[in-house]
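Letter by letter, the chains look like this.
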Amino acid sequence: MTNNIDQVKKAENEAKILLEYALALSKAAESNDQCEIITVLDANLKLWVEIETTLKTAKSLLPNDIQANLLQLSKFVERLTLSKGIHMSKTDFDCLANINMQIAEGLLAAVKNNLAKEEAFSLLKCALDLSSAKENDDVAELVTALDNNLKLWVYIKTLASAKNTNLPQDTKSNLVKLADYVSSKTLEIGQDVNNVNGKAIDSMIMTNLQISEGLMSMKKAG
């Protein structure tokens, strides 16, 4: 889960840099300063080399088709930059700037949509584990299911509480409240795990199912 948060932050940072370089490329297109042009092209090229390296060497939240498209774009940026350099036309500069802007937007959308899908499946799995533990009347199984569910909700609360998240304020508030509810219920159940109130478990299961459905709906809408 921590790795997922790190990857989202990395995607956000890359998107921000892509947009900054898009602006710099647009300015360079109108400039007669060769030093400025070289600096901007070099910085943009290094960024795309870094993106390509990340895609090749690290586990990514991006779907395979998007990874493949990014790799092709990286190669295109490299070829155009190295072949034309300071002799680029304004059209070439505009092309590079547009690529950066489009990928910045798509990068964030793809990562967050895929992350929402992962969270939805995690919530479903935790709901099934809780249901199974309740049906089997297995204390050890229930303790494990409760622990995993609590960790997942702590993770969701961390994401919802982040200042740079794009979730609507009411959605963020509701997720934080639900996370606090799950925490309190988990502690309540843990105080007497051998005599669990079945309604409390059912309530946690329904919470997971409803939020999982909501996340999948957000993904489809995106």
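Quick note: structure is the one above.
A few points on the structure. (Residues numbered from 1 in each chain as written. Predicted model: local features only at pLDDT ≥ 70, side-chain atom pairs only at ≥ 80, totals over all residues. Heavy atoms only, no water.)

## With respect to the overall build of the protein
Now for step 1: A tally of helices and strands in the protein yields seven helices and zero strands.
Now for step 2: Reading the secondary structure of the protein in the N-to-C direction produces α-α-α-α-α-α-α.
Now for step 3: Across the 222 residues in the protein, those meeting the buried criterion constitute 38%.
Now for step 4: At a minimum sequence separation of 6, the contacts of the protein that also span at least 24 residues come to 70%. (Helix = DSSP H or I, 4+ residues; strand = E, 2+ residues; numbered from the N terminus. Buried < 20%, exposed > 50% of the residue type's maximum accessible area, 1.4 Å probe, protein only. Contact = heavy atoms within 4.5 Å.)

## Looking at helix H5 (residues 139–161)
Now for step 1: Between its first and last C-alpha, H5 extends 32 Å over 23 residues, near the 33 Å set by a 1.5 Å rise per residue.
Now for step 2: Buried residues of H5: Leu142, Ala145, Leu146, Asn149, Leu152, Trp153, Tyr155, Ile156, Leu159 and Ala160, and no others.
Now for step 3: The N-cap of H5, judged by a side-chain oxygen 3.1 Å from the amide nitrogen of Ala140 a few residues on, is Asp138. (Expected span 1.5 Å × (residues − 1). Polar contact = N/O pair within 3.5 Å; in protein donor to acceptor, adjacent residues only side chain to side chain.)

## Concerning the pattern of salt bridges
Now for step 1: Applying the stated criterion to the full structure yields 10 salt bridges.
Now for step 2: When the shortest N-O distance is used, the salt bridge between Lys90 and Asp94 registers 2.9 Å. Residue Lys90 and its partner Asp94 are located together in helix H4 (residues 90–136), separated by four residues, close to a single helical turn.
Now for step 3: Here Lys90 falls in the partly exposed class, since its relative accessible area comes to 41%. (Salt bridge = Lys/Arg side-chain N within 4 Å of Asp/Glu carboxyl O.)

## Brief notes about the packing of H5 against helix H6 (residues 169–190)
Now for step 1: Between H5 and H6, whose axes approach to 9 Å, the crossing angle comes to 155 degrees. One finds that H5 runs roughly antiparallel with respect to H6. The two elements H5 and H6 meet at a crossing, and its hand is left-handed. Contacts from Leu146, Asn149, Leu150, Trp153, Ile156, Lys157, Ala160 and Ser161 of H5 reach H6 at Lys172, Leu175, Val176, Leu178, Ala179, Asp180, Val182, Ser183, Thr186 and Ile189.
Now for step 2: When its residues are assigned to classes, the contact of H5 with H6 shows 11 nonpolar, four polar and three charged. (Axes fitted to C-alpha atoms, helices over the stretch in contact; angles between N-to-C directions. Parallel < 35°, antiparallel > 145°, perpendicular 65-115°, else oblique. Left-handed = near helix turned anticlockwise from the far one by under 90°. Nonpolar A, V, L, I, M, F, W, Y, C, P; charged D, E, K, R; others polar.)

## Section: the side chain of Glu52
Now for step 1: Following the sequence through the fold, Glu52 ends up in helix H2 (residues 34–57).
Now for step 2: The exposure class of Glu52 is buried, given its relative accessible area of 7%.
Now for step 3: Looking at Glu52, its side chain comes within polar contact range of the side chain of Ser74, at 2.8 Å.
Now for step 4: There is a polar contact of 3.0 Å between the side chain of Glu52 and the side chain of Lys75.
Now for step 5: Excluding anything up to four places from it in sequence, Glu52 contacts Leu71, Ser74, Lys75 and Glu78.

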